[in-house]
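Now for the letters of each chain:
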Amino acid sequence: MAAAAARGFGPEREAEPAKEARVVGSELVDTYTVYIIQVTDGSHEWTVKHRYSDFHDLHEKLVAEKKIDKSLLPPKKIIGKNSRSLVEKREKDLEIYLQTLLATFPDVAPRVLAHFLHFQFYEINGITAALAEELFEKGEQLLGAGEVFAIGPLQLYAVTEQLQQGKPTCASGDAKTDLGHILDFTCRLKYLKVSGTEGPFGTSNIQEQHLPFDLSIFKSLHQVEISHCDAKHIRGLVASKPTLATMSVRFSATSMKEVLVPEASEFDEWEPAGAALEGPVTAIIPTWQALTALDLSHNSISEIDESVKLIPKIEFLDLSHNGVLVVDNLQHLYNLVHLDLSYNKLSSLEGVHTKLGNIKTLNLAGNLLGSLRGLHKLYSLVNLDLSNNRIEQMEEVRSIGSLPCLEHVALLNNPLSIIPDYRTKVLAQFGERASEVCLDNTVTTEKELDTVEVLKAIQKAKEVKSKLSNTEKKVGEDTRLSAAPCIRPGGSPPTVAPTSVSLPQPILSNQGILGDE
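Residues numbered from 1 in each chain as written. Predicted model: local features only at pLDDT ≥ 70, side-chain atom pairs only at ≥ 80, totals over all residues. Heavy atoms only, no water.

1. Thoughts on the confidence of the model for the protein
(1) Moving on: For the protein, per-residue confidence averages 86 on the pLDDT scale, and residues scoring 70 or more make up 84% of the total.
(2) Moving on: For residues 1-13, every residue scores under 50 in pLDDT, and the model assigns this stretch 26 contacts once sequence neighbours within four places are set aside.
(3) Moving on: Low pLDDT, under 50, characterises residues 486-517; the stretch is placed with 15 contacts to residues that sit more than four places away or in other chains. (pLDDT = per-residue confidence, 0-100. Contact = heavy atoms within 4.5 Å.)

This is the structure we're talking about:
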């Protein structure tokens, strides 16, 4: 199915197969019979349901508008109209009727017939005609309001195919359905949303998310959202590099390259425009010079590859819900201040401070982190989410306790979060800044701060005790060394130090400091 659809981008196009319409069955609804029609257009199929009265209305309009033979439609039957024998005969007659109509209008079906067979939903000419008419009537209003325009991959596929067929832009003769209305609109549109569907589209066998389409008809995009499409089959997105400021591609990509540098597969070595060249390069690729926000969440991306070199002005990057294993290549993003790597497969943060120098918001929730080493030098960090990881030891929190700008921290659903007095013990790691830190989206209370002060005092006392203990050991060692006999060469007895000269005495009591512990 996807391979058949992808033929649209090839240099040679096959002749369009004739469309078919077969009546494949019927069903009784209340007191009337509904006929099930299967329409085939190349590899695409869909079903439509109509009662006999719908056929009759269609026929009346075609007789009036297109002068077709009035006797072509099988006649009405009043008595026994729902009998099995009549229904079966009518199924065959109605199929012959539809096939005759399609053969009579092989290129472009009359509007009334096209709508009867749902061409406006599933067939290339019908889809583009319906879209052109919609934009003829509402296009200027949509552009003036500055709203996001939503369109499906099947519609974009139809427009792409229509443009490549080289047919007149208004094959039906109705000026409202001229393809020019679509092109005029897409040239000026600023906000676009392309959303595919999971599974077959409507009543058809069309897997919309696998259809190829070309976005180069959009010349002024500032924002684009793409979901449930196959990034490998999207063409022309790079044409929006000069204007695109915000881009979201979700449920669509297996790598960052597919989105940011689809042409990379054509070259052995490439570098972004403006970069210092250090070796042989087969291509210089322009950067996304206006792009400041990129959402590639909910994809199947396993690495942060070198394509990030092409987004030097990125400030907001969302790679959540992927399969990223290592934080890499982000040192190229000097303007990055917000990074979401939640729900990936990160297990280590070693050296991450060398890649995220100016980061302010960092979301690492839902990873495999047991250690926070690597975060201790992120001096600009304000917001940090570490919830749903594997952090067990309170000592790990010390890695972030000295960060001067950190205000919001989330550590819920880690093993350490079930430790008694978890909140106060975490807050104590921030020392004098404990009152400035909001832990797990909960403001620190005065009672917690009092407990933190007690914990800090106990910790300080332990440190003093440890320091004094070390001093005692050192002095004791010095005393033993000084008191040890010294054998002179020649066997003369050691000289005893005068009693008037004494060694420094160790402190024998520290109860005034630690007596209450």
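Here the narrative resumes, following the displayed structure.
2. A closer look at the pairing of strand β7 (residues 223-227)
(1) Moving on: Summarising the sheet, strand β5 (residues 191-195) and β7 pair through five bridges and their orientation is parallel. Within β7, the position partnered with Val 194 by the bridge is Ile 226.
(2) Moving on: With five bridges connecting them, β7 and strand β9 (residues 246-250) associate as parallel partners. In the sheet register, Ser 227 faces β9, and the bridge partner there is Arg 250. (Pairing = 2+ DSSP bridges. Helix = DSSP H or I, 4+ residues; strand = E, 2+ residues; numbered from the N terminus.)

3. Some details on the pattern of salt bridges
(1) Moving on: Overall, the coordinates contain 17 salt bridges when judged by the stated rule.
(2) Moving on: One salt bridge in this structure joins Glu 258 and Lys 232, with 3.9 Å as the shortest N-O distance. Within this pair, whereas Glu 258 is found in helix α9 (residues 256-260), its partner Lys 232 is found in the loop between β7 and β8 (234-235), the two being separated by 26 residues in sequence.
(3) Moving on: Within this structure, Arg 84, Glu 88 and Glu 91 form a network of salt bridges that share partners. (Salt bridge = Lys/Arg side-chain N within 4 Å of Asp/Glu carboxyl O.)

4. Details of the pairing of strand β2 (residues 32-41)
(1) Moving on: The buried fraction of β2 amounts to eight of the ten residues, a majority that puts the element mostly inside the structure.
(2) Moving on: In terms of strand pairing, strand β1 (residues 20-29) meets β2 through nine bridges, oriented antiparallel. Within β2, the position partnered with Glu 20 by the bridge is Thr 40.
(3) Moving on: Between β1 and β2, which pair antiparallel and follow one another directly, the connecting turn spans two residues, one of which, Asp 30, has a positive phi of 55°.
(4) Moving on: In the sheet, β2 pairs with strand β3 (residues 44-51) via eight bridges, with the strands oriented antiparallel. Residue pairing across strands places Asp 41 opposite His 44, the latter belonging to β3.
(5) Moving on: Between β2 and β3, which pair antiparallel in sequence order, lie two residues; one of them, Gly 42, sits at a positive phi of approximately 65°. (Buried < 20%, exposed > 50% of the residue type's maximum accessible area, 1.4 Å probe, protein only.)

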